[in-house]
Amino acid sequence: MMNNQQQFTELKQIGHYDILRCIGRGGMGLVYLARDTRLNRQVAIKCLRSELCEPHYRERFKREALLLAKLNHPHIVQIYDFIETADELALVMEFVDGQNLYLHLREHIVPFSQRMLWLTQIAQGLAVAHDAGIIHRDLKAENILINKRNEAKISDLGIAKSQDFNVTLTDHVAGSYSSMSPEQAMGEELDSRSDLFSFGILAYQLLCNSHPFGETDNKLQLMQRIISHAPIPPSKHIPDLPNEISELLGQLLSKNPDNRPANTHWLAAQCEKLSQLFLASSFEPDNTQALPQSSQASIQHSQHQLQKQTRQPINTSGSGIRSKQQNLTQEHATFESIETKELPSTQQKFTAYIKTNSVTVTLGGLTLLMLAAVGIWLLQPIEPRYIAVLPPTLSTTDMQESQQELVKGAVYDAIQQSVLQLDGYYLIPQNEIADINASNTKEGLETVRRATAADELITTNIQCKIEACTITLSRLTPDDKKQEVRLRVQDTKTIDVLTDNYLSVATIVQNNVGELYSEDIRNAFKKIDESEYAKFLAVSHTYKEKGASPKLLEDLEKIQPQIKKMSSTQTLYRSISLDLHFEMKNSFFLEKFEAYINSNNDYIQDKTYYLNIYYIQMAKNNFDDALKTIDKLERMNSSSASLNELRAYHMMTTKDYHSAIKFYQKSLSSKTTSNNLVYLANAFWYAGDTVNAKEYIKRSMELSPSSYEANSLLGLIALLEGDINQAISSFKNIVSQKPNDPSNLNNLGLCYLLLTQYEKAIEFFNLSSQIAPENTTYHLNAADAKNLAGRTEESQKSYQKLVGMLTSKERINSNLRALSQAYAHLNKFTEALNTLKELEKNDPQRVETTYTAALIHTLAENNASAILNIDAALKNGMNIIWFNFSWFDRLCKNENFISIMRRNGEPNRCTLPREG
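As the structure is a prediction and not an experimental result, all values here were calculated from the model.

Moving on, we come to the overall build of the protein. Counting its secondary structure elements, the protein contains 40 helices and 17 strands. Among the 916 residues that make up the protein, the fraction classed as buried is 57%. Pairs at least 24 residues apart make up 66% of the contacts formed inside the protein by residues separated by at least 6 positions.

The next thing to look at is the environment of S540. Inspection of the secondary structure puts S540 in helix α18 (residues 530–546). The spatial distance from the C-alpha of S540 to the C-alpha of L572 is 7.0 Å, given a sequence separation of 32 residues.

Turning next to the state of the cysteines. Taken as a whole and judged by the stated rule, the model has two disulfides. Across the disulfide from C464 sits C469; the S-S distance is 1.9 Å. Given an S-S torsion of about 110°, the disulfide between C464 and C469 has right-handed geometry. Neither residue differs from the other here; C464 and C469 are each classed as buried. In this model C892 forms its disulfide with C910; the gap between the sulfur atoms is 2.1 Å. Looking along the S-S bond of the C892-C910 disulfide, the torsion reads about -75°, which is the left-handed sense. Within this pair, whereas C892 is found in the loop between α39 (863–875) and α40 (895–903), its partner C910 is found in the segment after α40, the two being separated by 18 residues in sequence. By sequence order of its bonded cysteines, the protein has the disulfide arrangement 1-2, 3-4.

Quick look at the pairing of strand β4 (residues 41–48) now. With six of eight residues buried, β4 is to be regarded as a mostly interior element. Across eight bridges, strand β3 (residues 29–36) lies against β4 in antiparallel orientation. Considered in β4, the bridge of D36 is made with R41. Hairpin connection from β3 to β4: four residues lie between these consecutive antiparallel strands, with N40 at a positive phi of about 50°.

Turning to the confidence of the model for the protein, a few remarks are in order. For the protein, the mean per-residue pLDDT works out to 79, and 81% of the residues sit at or above 70. Within the model, pLDDT remains below 50 along residues 1–9, and this stretch shows 24 contacts once partners closer than five positions in the same chain are excluded. Per-residue pLDDT stays below 50 along residues 289–382; that stretch engages in 310 contacts with residues further than four places along the chain or on separate chains.

It is worth spelling out the sheet that holds strand β9 (residues 144–147) at this point. Spatial strand order, β7-β9-β10: three strands in an open sheet with antiparallel pairing. Here the strands that pair on one side only, and so sit at the sheet edges, are β7 (98–100) and β10 (152–154). Taken pair by pair, the neighbouring strands of this sheet meet at an average axis angle of 25°, ignoring direction. Sheet analysis places β9 next to β10, joined by three bridges and oriented antiparallel. The residue of β10 that forms the bridge with I144 is I154.

The next thing to look at is helix α19 (residues 550–558). Two residues of an α-helix separated by three or four positions point the same way, owing to the 3.6 residues in each turn. Buried residues of α19: L552, L553 and L556, and no others. Take α19 and look down its axis: the buried residues cluster within an arc of 100°, on one side only. Exposed and oriented more than 90 degrees from the buried face of α19 are K551 and K558.

It is at 12 Å that the axes of α19 and helix α22 (residues 588–599) come closest, and there the two elements cross at 15°. As summarised for this structure, α19 and α22 are arranged roughly parallel, according to the angle between their axes. In terms of crossing hand, the pair formed by α19 and α22 is left-handed. Across the interface between the two elements, P550, L553, L556 and E557 from α19 touch F589, K592 and Y596 from α22. Taken together, the residues of the contact of α19 with α22 break down into five nonpolar, no polar and two charged.

Moving on, we come to the packing of helix α27 (residues 674–686) against helix α28 (residues 690–703). At a minimum axis separation of 8 Å, α27 and α28 run at an interaxial angle of 170°. Between α27 and α28, the interaxial angle falls into the category roughly antiparallel. Both α27 and α28 take part in a crossing whose hand is left-handed. Seen from α27, the contacting residues are S674, L677, V678, L680, A681, F684 and W685; seen from α28, they are T690, N692, A693, Y696, I697, R699, S700 and L703. Of the residues in the contact of α27 with α28, the class split is ten nonpolar, four polar and one charged.

Scanning all chains against the criterion turns up 21 aromatic pairs. Between Y851 and F883, the ring centres sit 5.3 Å apart and the planes meet at 55°, which makes this aromatic pair tilted. Residue Y851 is found in helix α38 (residues 847–859), and its partner F883 is found in the loop between α39 and α40; the two are separated by 32 residues along the sequence. Residue Y851 is classed as buried on the basis of its relative accessible area of 0%.

The pairing of strands in a sheet happens through backbone hydrogen bonds and is either parallel or antiparallel. Taken in spatial order, the six strands of this open sheet run β1-β2-β3-β4-β6-β5, and their pairing is antiparallel. Looking along the sheet, the strands with just one partner apiece sit at the ends: β1 (13–14) and β5 (79–84). Alignment of β1 against strand β2 (residues 17–25), held across two bridges, turns out to be antiparallel. Paired with I14 across the bridge in β2 is Y17.

It is worth spelling out the pairing of strand β16 (residues 468–479) at this point. Two faces, one strand: in a regular strand the side chains alternate between the faces of the sheet. With nine of its twelve residues buried, β16 lies for the most part within the structure. Judged from the nine bridges that link them, strand β15 (residues 456–465) and β16 form a sheet pairing that is antiparallel. Bridge pairing links K465 to A468 in β16. Linkage of β15 to β16, two consecutive antiparallel strands, is achieved through a turn of two residues, within which I466 is found at a positive phi near 50°. Looking at chain direction, β16 and strand β17 (residues 486–498) are connected through twelve bridges and run antiparallel. When the sheet's bridge partners are listed, A468 is paired in β17 with L498.

Before going further, it helps to examine the side chain of D195. Examined against the element boundaries, D195 turns out to sit in helix α7 (residues 192–208). Buried within the structure, D195 lacks any salt-bridge partner; its nearest side chain of opposite charge belongs to R137, at an N-O separation of 7.1 Å. Here H136 takes part through its backbone nitrogen, which lies 2.7 Å from a polar atom of the side chain of D195. Residues within four places of D195 in sequence aside, it is in contact with L126, H130, I134, I135, H136, R137 and L139.

Cut-offs used in this document
Residues numbered from 1 in each chain as written. Predicted model: local features only at pLDDT ≥ 70, side-chain atom pairs only at ≥ 80, totals over all residues. Heavy atoms only, no water. Helix = DSSP H or I, 4+ residues; strand = E, 2+ residues; numbered from the N terminus. Buried < 20%, exposed > 50% of the residue type's maximum accessible area, 1.4 Å probe, protein only. Contact = heavy atoms within 4.5 Å. Disulfide = S-S within 2.5 Å. Pairing = 2+ DSSP bridges. pLDDT = per-residue confidence, 0-100. Axes fitted to C-alpha atoms, helices over the stretch in contact; angles between N-to-C directions. Arc of directions from axis to C-beta. Parallel < 35°, antiparallel > 145°, perpendicular 65-115°, else oblique. Left-handed = near helix turned anticlockwise from the far one by under 90°. Nonpolar A, V, L, I, M, F, W, Y, C, P; charged D, E, K, R; others polar. Phe/Tyr/Trp six-rings, centres within 6.5 Å; stacked < 30°, edge-to-face > 60°. Lys, Arg positive; Asp, Glu negative; His and termini not counted. Salt bridge = Lys/Arg side-chain N within 4 Å of Asp/Glu carboxyl O. Polar contact = N/O pair within 3.5 Å; in protein donor to acceptor, adjacent residues only side chain to side chain.

Here it is, written out as structure tokens:
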């Protein structure tokens, strides 16, 4: 085989790769830039050094290829191919057009916030490598590449090893001395925690511009410091460095691997949390500058998903108080609009203008310039007018209640389907109006107008006698002429109908809505059977009163095909199926929903169809496809406010809370509504900014004091912060509005659980379970309450029943918190810890996961791990009250636990007797 110099000067081709030039030297060989002649793309090829082609190193090189082939992550350099011949051994990899992090930092001044974002990306890539059983063993700035898009990619896994493979002492010393862990420097057996120490060195250097064990060129001296000396406090370099960063660096640089973070995903989540804090702040230390010559550190920025630490109250099951994200998932799932009717495109209007207003060019470019200016003006988006349709009111003395509801349902449905056809108008979703919980009084109507930012309102009063009703439709608009804007009646229509035919009622009402707006409304009820339409109205009413059930879906599937194609029917089916999907965590209902809309759509370009597709894609985590669907809706002239809400919801679901905040703010700037304010508050809350969350809740409640969503979020934040009285007040308010909502019945139960009123808590948990029997969270909360109440035998049976409920793989994966805790309470600690491991791998960033880990390790008597997780949960916003449960009493002999309790305002936690 040729020597290195020959390789550099003579190598022209390897396989079907044309060599362009040598671009670097690694520990095991040369690296070339080459062109893949088959796929016509640039690649990087690492060739084994000729003197290292003996069997031992060839085997090691092939092992690298097999290890790298396991990895596929945007922040790890991707392997494409592996070439082995008698004379050649080469690894074909992604070519990263940029610099390594060390050189990048030498040549650029990088803001502190961007350095934090780089650390996040590296931790995310490292977590994926560790999941595959790979230890990098040489993590340093030179082995991080920054591409032209400013993304960080981990490279040079040439000395990585599988955790299942025992390497020799010679292999151990291959790592760079300045980035080694103590165990690596001493030649001991390594696991992924060694990389975390190296990551700590890298993070320290990047943030403090210095090595944590001092700057020296004496390798032995530096290795000795790493092995035996404490790191230099970061505050020596940055006096005002936030404590959260100092504490994280301290954990990473611990000599004892057991004291380092147990999970790299947790580390990545912590880095994301901190990076988001600095993105939102103006913190910038004085030493933010190019990296010193001797430093080995690094990190960078990209459009990564900001999986922020969720600021969510925890229940004893760990999966929650009903998550606000889940609530808003269903809130968005009932996003009506407005999206079923196309407005004439501005391009069409401009073309029409040109055809009817063309002139002869006689004044040089002047006329063309004027015409272009008019064209630009016409191309500007036309602001839609929003209509709020209030649920009809009905008064009668001798009509059955069931018949009353069907009449109101037919009238309400007809008005909404009519508004969808009005040119230049958008229908405000009915769930948004229902959330306001306002009366039909003058003050109530004003509240609806302000809270929804409605341009107009349509109200309906129905007065009935046995078989006949008089219906009064009113079109209300703001009276801008008065100093204080008030609603005035612009027009009314009064009609008499017979109630023996609901379809006839709907048709007559639809015609009269058209007359209110001087437009011809297409009859949406042609070819529809009266009895079948009554079935649709009955399902709609039952869902409104009692919530979703599989039977309601079956009833909708049995009705006449023509009714199935109505937008209101498909919206109803969507709401029910998504409710069931999120309540039962079962994709079966998504499949039914998808089959339903695909078999009942004649017009594929309909906006309702694409909106349905969007929610299916989001529920299935097909996020890229969902973004493409939003683009389709945008091309169909959907309103900017609606599109921003959809994009924000996408960001919330993918945990990019910073971007979600931006989109909700855009939506808010075009349409200030009570719901938009709550959505924004929720995004701030998930981003860990409780102060802003409370401020936007306050603004929302100024518009709509009885808002269901605002009160719900306020209750959740109060519960997290330990303000139980406020939480109870909020939850009681909304339970009075929706007595059959299991999520807030469950949350109310948690309040009483924290107050040690266990029997009352059991009552609410049982109510939740009766309404949503498939929801394992409610069952586990009831079992926990029985446990704490001393009803041990009952609780054990409940835990065992819960484990039995989680039989399918799909249900296990979506209920890891509940399952791990049930196992722990059954003293099945091996199963509990294995399930916890999966949970920490799948969802490490949420404070619920940290709390679950604290509880399980406490019950399993893993005190060190329990203390670590308790401390982390408290630092991430959990109130100390959540650790007052008697399960944690066994830690009262631990001085660290006592110290944590004192530090968090509970000096008598371990001196007073606890109930339960």
